[in-house]
Amino acid sequence: PSVHLDLTGAAHVFWLEARPLQQGRQVLVRYSVTDGQQSDVTPDGDWNVRTTVHEYGGGDYLIANGKVFFSNFKDQGLWQQSAFTP
(Lines give C-alpha, C1' and ligand atoms only; values in the text may rest on other atoms or scores of the structure.)
Protein backbone atom coordinates (compact mmCIF):
# COMPACT_ATOMS: atom_id res chain seq x y z
CA PRO A 1 0.00 0.00 0.00
CA SER A 2 1.06 3.58 -0.53
CA VAL A 3 0.48 6.72 1.47
CA HIS A 4 -0.31 10.08 -0.04
CA LEU A 5 0.61 13.18 1.94
CA ASP A 6 -0.71 16.60 1.03
CA LEU A 7 2.45 18.68 1.37
CA THR A 8 0.90 21.92 0.14
CA GLY A 9 2.68 24.72 1.95
CA ALA A 10 5.17 22.40 3.62
CA ALA A 11 8.89 22.96 3.14
CA HIS A 12 10.17 19.85 4.95
CA VAL A 13 8.97 16.50 6.23
CA PHE A 14 10.71 14.78 9.17
CA TRP A 15 10.56 11.16 10.34
CA LEU A 16 12.43 8.63 12.47
CA GLU A 17 14.25 5.89 10.60
CA ALA A 18 15.54 2.73 12.28
CA ARG A 19 19.03 1.64 11.27
CA PRO A 20 19.33 -2.13 11.92
CA LEU A 21 22.95 -2.22 10.72
CA GLN A 22 23.82 0.43 13.34
CA GLN A 23 22.58 -1.59 16.34
CA GLY A 24 19.00 -0.39 15.84
CA ARG A 25 19.90 3.27 16.16
CA GLN A 26 17.06 5.67 15.30
CA VAL A 27 17.92 8.67 13.16
CA LEU A 28 15.82 11.75 12.46
CA VAL A 29 15.63 12.26 8.68
CA ARG A 30 14.57 15.39 6.81
CA TYR A 31 13.08 15.53 3.31
CA SER A 32 13.00 18.86 1.46
CA VAL A 33 9.76 19.23 -0.46
CA THR A 34 11.25 21.96 -2.64
CA ASP A 35 14.30 20.11 -4.01
CA GLY A 36 13.57 16.45 -3.16
CA GLN A 37 16.75 16.01 -1.11
CA GLN A 38 16.77 13.67 1.86
CA SER A 39 19.34 13.98 4.66
CA ASP A 40 20.03 12.80 8.19
CA VAL A 41 19.49 15.40 10.89
CA THR A 42 20.92 13.23 13.68
CA PRO A 43 24.73 13.34 13.78
CA ASP A 44 26.74 10.15 13.28
CA GLY A 45 28.08 8.30 16.30
CA ASP A 46 26.31 7.34 19.50
CA TRP A 47 23.32 9.65 18.91
CA ASN A 48 20.10 7.63 18.97
CA VAL A 49 16.77 9.50 18.92
CA ARG A 50 14.87 7.23 21.25
CA THR A 51 13.37 7.29 24.70
CA THR A 52 12.27 4.75 27.27
CA VAL A 53 9.11 6.65 28.20
CA HIS A 54 7.19 5.98 24.99
CA GLU A 55 5.10 3.40 26.84
CA TYR A 56 3.66 6.32 28.83
CA GLY A 57 2.87 8.52 25.84
CA GLY A 58 6.19 10.34 25.61
CA GLY A 59 7.75 11.34 22.31
CA ASP A 60 11.26 10.95 20.96
CA TYR A 61 11.58 14.42 19.42
CA LEU A 62 9.94 17.78 18.87
CA ILE A 63 10.64 20.31 16.12
CA ALA A 64 10.00 23.98 16.89
CA ASN A 65 11.38 27.25 15.51
CA GLY A 66 14.03 25.51 13.39
CA LYS A 67 15.35 23.44 16.30
CA VAL A 68 15.05 19.77 17.19
CA PHE A 69 14.66 18.78 20.82
CA PHE A 70 15.24 15.07 21.27
CA SER A 71 15.94 12.37 23.79
CA ASN A 72 19.22 10.50 23.32
CA PHE A 73 18.74 6.83 24.21
CA LYS A 74 22.17 6.33 25.79
CA ASP A 75 21.79 8.95 28.53
CA GLN A 76 18.03 9.70 28.28
CA GLY A 77 19.04 13.36 28.30
CA LEU A 78 17.15 16.05 26.45
CA TRP A 79 19.26 17.58 23.69
CA GLN A 80 18.83 20.42 21.22
CA GLN A 81 20.25 20.96 17.74
CA SER A 82 19.40 22.75 14.52
CA ALA A 83 16.77 21.02 12.41
CA PHE A 84 18.73 21.93 9.29
CA THR A 85 22.38 21.11 10.05
CA PRO A 86 23.65 17.90 11.67
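As shown above, the structure is provided for reference.
Now for a description of the structure that goes with this document. Being a predicted model, the structure only gives us computed values, none of them experimental.

1. Some words on the pairing of strand β2 (residues 25–32)
Phase 1 of the analysis: A large share of β2 lies buried, amounting to 7 of its 8 residues.
Phase 2 of the analysis: The turn joining strand β1 (residues 12–19) and β2, which pair antiparallel and follow one another in sequence, is formed by 5 residues; a positive phi near 60 degrees is taken by Q23.
Phase 3 of the analysis: Pairing between β2 and strand β3 (residues 38–40): 3 bridges, direction antiparallel. Across the sheet, Y31 pairs through a bridge with Q38, a residue of β3.
Phase 4 of the analysis: Hairpin connection between β2 and β3: a loop of 5 residues separates the two successive antiparallel strands, and G36 in this loop has a positive phi of roughly 75 degrees.

2. As for the side chain of S71
Phase 1 of the analysis: Considering the arrangement of structural elements, one finds S71 in strand β5 (residues 67–71).
Phase 2 of the analysis: The residues touching S71, leaving out its near neighbours within four places in the chain, are N48, V49, R50, T51, D60, Q76, G77 and L78.

3. Quick notes on the pattern of salt bridges
Where charged atoms from two side chains of opposite charge approach closely, those side chains can pair.
Phase 1 of the analysis: Counted by the stated rule, this structure contains 4 salt bridges.
Phase 2 of the analysis: The closest approach of N and O atoms between R19 and E17, which form a salt bridge, is 2.9 Å.
Phase 3 of the analysis: Note on E17: relative accessible area 25%, which makes it partly exposed.
Phase 4 of the analysis: For D44, the salt bridge is made with R25, and the minimal N-O distance between the two is 4.0 Å. Here D44 is found in the loop between β3 and β4 (61–64), whereas its partner R25 is found in strand β2, with 19 residues between them in sequence.
Phase 5 of the analysis: Accessibility expressed as a relative area gives 6% for R25, which makes it buried.
Phase 6 of the analysis: Here the residues in one salt-bridge network are E17, R19 and D40, joined through shared partners.

4. Quick word on the nonpolar core
Phase 1 of the analysis: Among the nonpolar cores identified, the biggest contains 7 residues, and these are F14, L28, V41, V49, V68, F70 and A83.
Phase 2 of the analysis: In this structure A83 touches F14, R30, V41, I63, G66, K67 and V68, once residues within four positions along its chain are discounted.

Basis of the calculations
Within any chain, residue numbers begin from 1 and follow the written order of that chain's sequence. Only residues with pLDDT of at least 70 get local features here, since the model is predicted, and only at 80 or more are side-chain atom pairs given and counted; chain-wide, interface and lining totals rely on the full set of residues. Water and hydrogen atoms were dropped before computing side-chain values, which therefore reflect all heavy atoms in the structure. When a residue's accessible area, from a 1.4 Å probe over protein chains only, is under 20% of the maximum for its type it is buried; when over 50% it is exposed; and in between it is partly exposed. Note on conventions: DSSP H or I runs of at least 4 residues are helices, E runs of at least 2 residues are strands, and numbering of each starts at the N terminus. Strands are labelled as partners when DSSP assigns at least two bridges between them. Contacts: residue pairs with any heavy atoms within 4.5 Å of one another. Salt bridges, as used here, are contacts in which a Lys or Arg side-chain nitrogen is within 4 Å of a carboxyl oxygen on Asp or Glu. The definition of a nonpolar core used throughout is a set of buried Ala, Val, Leu, Ile, Met, Phe, Trp, Tyr and Cys residues joined through side-chain atoms within 4.5 Å.

It is worth stressing that arrangement in space is one thing and function is another; only the former is reported here.
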